[in-house]
Amino acid sequence: MKDSQFWTWLSQHSQSRPSISLSDMIAGAGGPSRCAVVVVDLLEGFCHTGALASPRVAELVPRTVEFLHRCHQSGIRDFLFPCDAHQSDSPEFGAFPPHCIAGTVESEIVGQLRELPFSELFERVDKRSVSSLIETGLATRLQGDQFQKIFCLGDCTDLCLYHLACGLRFLANSSGLRWDIVVPADLVATYDLPVETALEIGAMPHPGDLLHEVFLYHLELNGITVVSTLG
């Protein structure tokens, strides 16, 4: 009964998340130079090709293109892209099928993003684990007094995006940084693997809709700002 009450509450809560103006967010940060956009793992290997490609993640791409256009038009110039670039014998392949090996097409940022006219501003940050912050230099790049709002988007809601946003929140908490970590719910997604299919292939089930909502909630529980959209 108690669990039932929580799921009812979570459904209502998810539908009540506000849509906040991007321009208001930028103004609240003190201007575009005080904002950074971090896009995690929007790669060919999670969108279009390879063992972990997901149509749910691919659907993020056009929305992300539109959002990045608006960020650039608003004056934001700090765009960071943590990207899987695994070694061929990565220990991570004990948990997930081989994917996004460095130097392969799978490890490339999706073409629609690479083709943006301001893509020369994109700073690729190679990573070899689910975490964007372990041995990548990303934390050092962001630390200091410059940034007030950090927009985090990409995939997966419950894996790389979650560890990115929570990792930045924990870093800010421990360092006394007044960062506002912002996750727009319409610009993050995770894959879906039904129980029946998972049993057939010997994998762990992964209910995409459920985990998306639970982990958005868990981001909020850790002090991260989750909005429905940045309009």
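Look a little higher up for the structure.
Draft legend 1. Fine view of the side chain of E106. With respect to the helices and strands, E106 occurs in the loop between strand 3 (79-84) and helix 6 (111-114). Despite its burial, E106 remains without a salt bridge, the nearest opposite charge being carried by R124 at 11 Å. A distance of 2.9 Å separates the side chain of E106 from the backbone nitrogen of C100, its partner in a polar contact. The residues touching E106, leaving out its near neighbours within four places in the chain, are L43, E44, G45, T49, G50, H99 and C100.

Draft legend 2. Focus on helix 2 (residues 22-29). Those residues of helix 2 not exposed but buried are L22, M25, I26 and A29. Across the axial projection of helix 2, the buried residues extend over an arc of 95 degrees, all falling on one side. Relative to its buried face, helix 2 has exposed residues pointing more than 90 degrees away, namely D24, A27 and G28. Just downstream of helix 2 lies G30, where phi reads positive at about 105 degrees.

Draft legend 3. Representation of unusual backbone geometry within the structure. Between D155 and C156 the backbone carries a cis peptide bond, its omega angle lying at -10 degrees. Look at D41: it is not a glycine, yet its phi comes out positive at around 60 degrees. Here C100, not a glycine, exhibits a phi torsion of approximately 45 degrees, which is positive. Topologically, C100 is positioned in the loop between strand 3 and helix 6.

Draft legend 4. Spatial organisation of the packing of aromatic side chains. Across all of its chains, the model carries ten aromatic pairs by this definition. Ring centres of F81 and F122 lie 4.5 Å apart, and the angle between their planes is 35 degrees; this geometry places the pair in the tilted category. Pair noted here: F81 is in strand 3 and F122 is in strand 4 (residues 122-127), with a separation of 41 residues, a long-range link. Comparing F81 with F122, the two get one shared label, buried. Here the aromatic cluster, defined as three or more aromatic residues joined through ring pairs, consists of F6, W7, W9 and Y217.

Draft legend 5. Here's a closer look at the nonpolar core. Core analysis: the largest hydrophobic core is formed by 37 residues, its most contacted members being V37, F67, L68, F79, F81, L113 and F151. Among the elements of the structure, helix 2, strand 2 (35-40), helix 3 (44-47), helix 4 (55-58), helix 5 (60-73), strand 3 and strand 5 (149-155) are those that each provide at least two residues to this core. Counting residues per element, this core draws most heavily on helix 5, which supplies six residues. With residues up to four places along the chain from it excluded, the contact list for V37 reads F67, L68, C71, I76, D78, F79, L80, F151 and L153. Counting residues in each nonpolar core, the second largest holds 31 residues, with Y162, W179, V183 and L216 among its members.

Reading the values: the criteria
- Residues numbered from 1 in each chain as written.
- Predicted model: local features only at pLDDT ≥ 70, side-chain atom pairs only at ≥ 80, totals over all residues.
- Heavy atoms only, no water.
- Helix = DSSP H or I, 4+ residues; strand = E, 2+ residues; numbered from the N terminus.
- Buried < 20%, exposed > 50% of the residue type's maximum accessible area, 1.4 Å probe, protein only.
- Lys, Arg positive; Asp, Glu negative; His and termini not counted.
- Salt bridge = Lys/Arg side-chain N within 4 Å of Asp/Glu carboxyl O.
- Polar contact = N/O pair within 3.5 Å; in protein donor to acceptor, adjacent residues only side chain to side chain.
- Contact = heavy atoms within 4.5 Å.
- Arc of directions from axis to C-beta.
- Phe/Tyr/Trp six-rings, centres within 6.5 Å; stacked < 30°, edge-to-face > 60°.
- Core = buried A, V, L, I, M, F, W, Y, C linked by side-chain atoms within 4.5 Å.

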